[in-house]
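Each chain is listed here by its residues.
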Amino acid sequence: KRIRLTNHQKMEICARYDNAVEFTSQGELRRWAQRQFNLPTLPSQALISHILKNKRTIVERDKIRSNGKSSKTTELVQLEKLLLQHIQLMASKNIQLNGPEIRDYAEMIA
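The residue numbers shown here count from 1 along each chain, following its written sequence. Predicted model: local features are reported for residues with pLDDT of at least 70 only, side-chain atom pairs are reported and counted for 80 or more only, and whole-chain, interface and lining totals are derived from all residues. Think of the side-chain values as coming from all heavy atoms in the structure, minus any hydrogens and water.

Colleague: Help me out: how do you make sense of the overall build of the protein chain in this one?
Modeller: A run of H or I in DSSP counts as a helix once it spans at least four residues, and a run of E counts as a strand once it spans at least two, with each numbered from the N terminus. For the protein chain, the helix and strand inventory stands at 6 helices and 0 strands. The linear arrangement of helices and strands in the protein chain, starting from the amino end, is α-α-α-α-α-α. Exposure categories follow from relative accessible area, calculated using a 1.4 Å probe and restricted to protein chains: below 20% of the type maximum is buried, above 50% is exposed, and the middle band is partly exposed. Counting across all 110 residues of the protein chain, residues that qualify as buried make up 22%. Note on contacts: a residue pair qualifies if any of its non-hydrogen atoms lie within 4.5 Å across the two residues. The long-range share in the protein chain, meaning contacts at least 24 apart out of those at least 6 apart in sequence, stands at 52%.

Colleague: Whenever I open this one, the nonpolar core confuses me. Can you help?
Modeller: Side-chain atoms within 4.5 Å link the members of a nonpolar core, which is a set of buried Ala, Val, Leu, Ile, Met, Phe, Trp, Tyr and Cys residues. Residues Leu5, Ile13, Phe37 and Ile51 are the most contacted members of the largest nonpolar core, which totals 14 residues. Every element with two or more residues in this core is listed here: helix 1 (7–18), helix 2 (26–36) and helix 3 (45–53). Excluding residues within four positions of it along the chain, Ile13 makes contact with Leu5, Leu29, Trp32, Ala33, Phe37, Ile48 and Ile51.

Colleague: What's the story with the packing of aromatic side chains in this structure? I'm lost.
Modeller: By convention here, two paired aromatic rings are described through the distance between centres and the angle between planes. The pairing test for Phe, Tyr and Trp rings, Trp by its six-membered ring, is centres within 6.5 Å, and the orientation test on the planes gives stacked under 30 degrees, edge-to-face over 60, and tilted for anything in between. Per the stated rule, a full pass over the model turns up 1 aromatic pair. A ring pair is formed by Trp32 and Phe37, whose centres lie 5.6 Å apart and whose planes are at 75 degrees; its orientation type is edge-to-face. The class of Trp32 is buried, set by a relative accessible area of 11%. For Phe37, a relative accessible area of 13% gives the class buried.

Colleague: Explain the side chain of Thr24 to me, please; I cannot follow it from the model alone.
Modeller: Looking at the element boundaries, Thr24 is found in the loop between helix 1 and helix 2. When neighbours within four sequence positions are excluded, Thr24 is seen to be in contact with Tyr17 and Leu29.

Colleague: Which parts of the structure should I look at to understand the pattern of salt bridges?
Modeller: A side chain with one charge can pair with a side chain of the opposite charge if their charged atoms come near. Each salt bridge in this description consists of a side-chain nitrogen of Lys or Arg and a carboxyl oxygen of Asp or Glu lying within 4 Å of one another. Scanning the model with the defined rule gives 1 salt bridge in all. For the salt bridge of Lys55 with Asp18, the shortest nitrogen-to-oxygen distance reads 2.2 Å. Here Asp18 lies in helix 1 and Lys55 lies in helix 4 (residues 55–64), a separation of 37 residues in the sequence. A residue is classified by how much of its surface remains accessible, and Asp18, at 41% relative accessible area, is partly exposed.

Colleague: Explain the environment of Met11 to me, please; I cannot follow it from the model alone.
Modeller: Among the structural elements, Met11 can be located in helix 1. A sequence separation of 50 residues divides Met11 from Arg61, and the C-alpha atoms of the two residues are 10.0 Å apart. Every residue in contact with Met11, bar those within four places of it in the chain, is listed here: Ile58, Val59 and Asp62.

Colleague: Whenever I open this one, the packing of helix 1 against helix 3 confuses me. Can you help?
Modeller: Each pair of packed helices can be described by the angle between their axes along with the distance between the axes. For the pair helix 1 and helix 3, the least separation of the axes is 10 Å and the interaxial angle reads 80 degrees. Viewed along their axes, helix 1 and helix 3 adopt a mutual orientation that is roughly perpendicular. Across from Lys10, Ile13, Cys14 and Tyr17 in helix 1, the residues of helix 3 making contact are Ile48, Ile51 and Leu52. In this count, Pro and Cys sit with the nonpolar residues alongside Ala, Val, Leu, Ile, Met, Phe, Trp and Tyr, while Asp, Glu, Lys and Arg are called charged and the others, Gly among them, polar. The residue makeup of the contact of helix 1 with helix 3, split by class, is 6 nonpolar, no polar and 1 charged. Angles here are taken between N-to-C directions and fall from 0 to 180 degrees, while the axes themselves are lines fitted to C-alpha atoms, restricted in helices to the stretch in contact. Our angle categories are set so that under 35 degrees counts as roughly parallel, over 145 as roughly antiparallel, 65 to 115 as roughly perpendicular, and the remainder as oblique.

Shown next as structure tokens:
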């Protein structure tokens, strides 16, 4: 089964690797990560390698947000805020919305 780590967990792996007094192999990092994060399976060597290779990107993403597993950010932040306000307003009036109605409203305000 594929393991997905949060950005914060990836940062911890990088820090563990960087702060190791002695050389830490990727195999050791895999075992440490499984114990540290209570993972059901051992992370793949490719995942550890990818994390270490992309450390700089991971650090930059951490500045944006570190709680989510995905690093993608909303490109249309203002539209998302307006949609959320509309949905909350309709909910406060006990008006149920479905997907097509929300999509139509989004197209109208975009």
